[in-house]
Each structure stands twice: as structure tokens, then as C-alpha cells.
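One letter stands for each residue in the lines below.
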Amino acid sequence: LPLSSQIYPIHLPRETRTRRALLICNIEFEHLSRRDGAEVDVKGMTELLEGLGYIVDIHCNLTSQGMATVMKDFADHKDHWTSDSTFLVFMSHGVRAGLCGTKSRGETTDILSLDTIYEKFNNKHCRGLLGKPKLVIIQSCRGDKVGFVMVSDSADPAMPASSSAHTIPAGLEDDAICEVHLESDFATLHSSTPDTVSWRSPKTGSIFIQRLIEQFRNHACNSDLQELFRKVQYSFGKFPQQLPSQERTTMLRKFYLFPGC
């Protein structure tokens, strides 16, 4: 294969393409602890994404239903048709099954299933991003295996995590012109592996977000997206309490944020 066919195309010049990113961050909760330091994460990620050429839509303190509604509206945005990609950033307390909404009490109440993210932005429900990279960044705990040095992003460390079976959508849809995969072109980096916690400093924000920003700033000019993700993971080599995880990745090509620079 020629090299060009193995890289996601960026057709439009920077002046006319309309890159948009979605950032959802829950900081205040009715029944769970405040996520002190999360404001630092929002500021840092917003500056990073704007520097990469994205207009960032920011939403804070939503229920699971609110998050789903915001995602649907964002998926329908007309700008995606003249964009080449999107970032979907989620920051909240979390459990094994998903992300906590502001009314969550822990394991079972007001939880946004991670499957919902992929459903809202798959090739059936988000035609504007068909065949374009959809890069998912998730900062949250995924269980109750806690340490003791900093603040945990666990919803309820006292409660054991329940395992839930994740079903990945399968099948093809026919749009009368050609058949496409129902779900493709996603790359996901989660702040931790399943059943484990993610660490956040009340003063400097989440370690995962800090290191992601650092790696993107240093290497986005010459590394493809999944190589950037690997660099973030490698940066945790001497931090055994947490390891970011690449998951549910369906990228068919390499994605360079700055091709040819």
C-alpha cells in the first residue's frame, strides 16, 4: 500500500476546516466528593486542544442523561462535515461500568455507560465524522483498588466494583450506497486499567491529564496519535499505582495532527 493510504487524510487547509472537540467535566456532585483540581485539567486540556486547532465545547456538572444529551447535540453539529477529526474528553468520578453523573451515589445510580459514547458517535448516528478519527480521552476511576497518596477519582472506594459485561456493537449498515462498519475510527485512552483508580492532585490536577498534555506538546508535531498514546503510557513506567489503557481502538490508519510539519 502507498504510504498516503495508510494515513488519515486532512483535506482542508487550516483556515477552512472546522475542528471541534467536546469536553465534559464533572466537578461538583450531590452525594460524592468534589473533584478538587479538576479545574486545572479543564484549563490545560482546553489550551492543548485549541492549540491543535479545535474549538472546544465545554460542559460541566451534568447528570448521565445530561451527558448523553450534550453528546447527541455535539454529534449532530454541522462543523463535523468540514472537519477531519474530533476529540471527546470526559472527566468525572467513575466506576467499573462507566462515568458518574452529578446525582450518582456510586455503582448503580446515575452512571453513563461507556458504550453510550461509542453509540452516539458511531457511523450510524454521526455521519459528519464518518471515516474520521474520533479520539476519546477518559479521566476517571474504574474500580476501588485504591492507594493512599493523593485523592482518588473513585465514586465510592468503600464499595466493591461489580464487573459488567461490555458488549461491542457489531454488524454492518447499508446506507444504499455502500456498506460501512457500524463502529470505526475510534482511538480511546483511559486514565487507568479496569478495576483500578486514577490519581488526582487537588492542586495540580490529574496525573494522567498532566502527562498527556506534556507528551502531546512535545511530540504531536512528528508522532501519530497512537504513538502519542503509547508515550503517555510509557511515562507511567515508574508510577506503579496507575497505568493508562488503550481500549476499543478501531483506527484503520495513522492519524497525524500536524501532517508534513
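Conventions used here
- Residues numbered from 1 in each chain as written.
- Predicted model: local features only at pLDDT ≥ 70, side-chain atom pairs only at ≥ 80, totals over all residues.
- Heavy atoms only, no water.
- Buried < 20%, exposed > 50% of the residue type's maximum accessible area, 1.4 Å probe, protein only.
- Helix = DSSP H or I, 4+ residues; strand = E, 2+ residues; numbered from the N terminus.
- Pairing = 2+ DSSP bridges.
- Expected span 1.5 Å × (residues − 1).
- Salt bridge = Lys/Arg side-chain N within 4 Å of Asp/Glu carboxyl O.
- Phe/Tyr/Trp six-rings, centres within 6.5 Å; stacked < 30°, edge-to-face > 60°.
- Contact = heavy atoms within 4.5 Å.
- Polar contact = N/O pair within 3.5 Å; in protein donor to acceptor, adjacent residues only side chain to side chain.

With an unreviewed UniProt entry as reference, the protein chain is termed CASP1 protein, source organism Circaetus pectoralis.

S.K.: How do you make sense of the pairing of strand β7 (residues 134-139) when you look at a structure like this?
M.R.: In the case of a regular strand, side chains alternate between the two sheet surfaces. Across the 6 residues that make up β7, a large majority, 6, are buried. Residues K134, V136 and I138 of β7 are buried on one face, and the alternating residues L135, I137 and Q139, pointing to the opposite face, are buried as well. Bridge count for strand β3 (residues 86-91) against β7 is 6 bridges, and the pairing is parallel. Following the sheet pairing, M91 is matched in β7 by Q139. The sheet contact formed by β7 and strand β11 (residues 186-190) spans 5 bridges and is parallel. Each residue of the ladder has a partner; that of K134, found in β11, is F186.

S.K.: Hey, could you run me through helix α2 (residues 64-75) in this one?
M.R.: In an α-helix, one turn spans 3.6 residues; hence positions three or four apart end up facing the same way. In this model α2 runs 16 Å from its N-terminal to its C-terminal C-alpha over 12 residues, within 8% of the 16 Å that 1.5 Å per residue would give. For α2, the complete set of buried residues consists of S64, G66, M67, A68, V70, M71, F74 and A75.

S.K.: Would you mind going over the pattern of salt bridges with me for this structure?
M.R.: Close approach of charged atoms lets side chains of opposite charge pair. Tallied over the full model, the rule gives 17 salt bridges. The residue R217 makes a salt bridge to E47 at a minimum N-O spacing of 4.0 Å. Linking R217 in helix α4 (residues 207-219) with E47 in helix α1 (residues 38-51), this pair joins segments that are 170 residues apart in sequence. Here E47 falls in the partly exposed class, since its relative accessible area comes to 38%. Here the residues in one salt-bridge network are E28, R34, D36 and E39, joined through shared partners.

S.K.: Can you walk me through unusual backbone geometry in this structure?
M.R.: Across the chain, the bulk of peptide bonds are trans and the bulk of non-glycine residues have phi less than zero. For D110, which is not glycine, the phi torsion reads 55° and is therefore positive. By secondary structure assignment, the location of D110 is in the loop between β5 (98-100) and β6 (111-113). Owing to a relative accessible area of 17%, D110 belongs among the buried residues under this scheme. Here D185, not a glycine, exhibits a phi torsion of approximately 70°, which is positive. Here D185 lies in the loop between β10 (179-181) and β11. Relative accessible area serves as the criterion here: at 3%, D185 is assigned to the buried category.

S.K.: For this particular structure, what's the right way to read the pairing of β3?
M.R.: In terms of residue burial, β3 counts as a mostly covered element, since 6 of its 6 residues are buried. Side chains T86, L88 and F90 of β3 all project onto a buried face; the interleaved residues F87, V89 and M91 project onto the opposite face, where all are buried too. Bridge count for strand β1 (residues 20-25) against β3 is 6 bridges, and the pairing is parallel. Across the sheet, the residue bridging to L23 is V89, located in β3.

S.K.: How should the packing of aromatic side chains be read in this particular structure?
M.R.: Ring pairs (aromatic) are described by centroid distance and by the angle formed between their planes. Evaluation of the coordinates by the stated rule reveals 7 aromatic pairs. For the ring pair F216 and F229, a centre distance of 6.5 Å and an interplane angle of 45° mean the geometry is tilted. Residue F216 is found in helix α4, and its partner F229 is found in helix α5 (residues 225-234); the two are separated by 13 residues along the sequence. On the accessibility criterion, F216 (2% relative accessible area) is buried. Aromatic side chains F236 and F239 sit 6.0 Å apart centroid to centroid with 70° between the ring planes, which places their arrangement in the edge-to-face category.

S.K.: Whenever I open this one, α1 confuses me. Can you help?
M.R.: Between its first and last C-alpha atoms α1 spans 20 Å; for 14 residues at 1.5 Å apiece the expected length is 20 Å, and the two agree. The set of residues buried in α1 consists of A38, D41, V42, G44, M45, T46, L48 and L49. Summarising the contacts, the buried residues of α1 are in contact with β1, β2 (55-60), β3, β12 (199-201), β13 (205-206) and α4. Following α1 by one or two positions, G53 adopts a phi angle in the positive range, close to 95°.

S.K.: What am I meant to see in the side chain of H80 here?
M.R.: The residue H80 is located in the loop between α2 and β3 in this model. A distance of 2.7 Å separates a polar side-chain atom of H80 from the backbone oxygen of F74.

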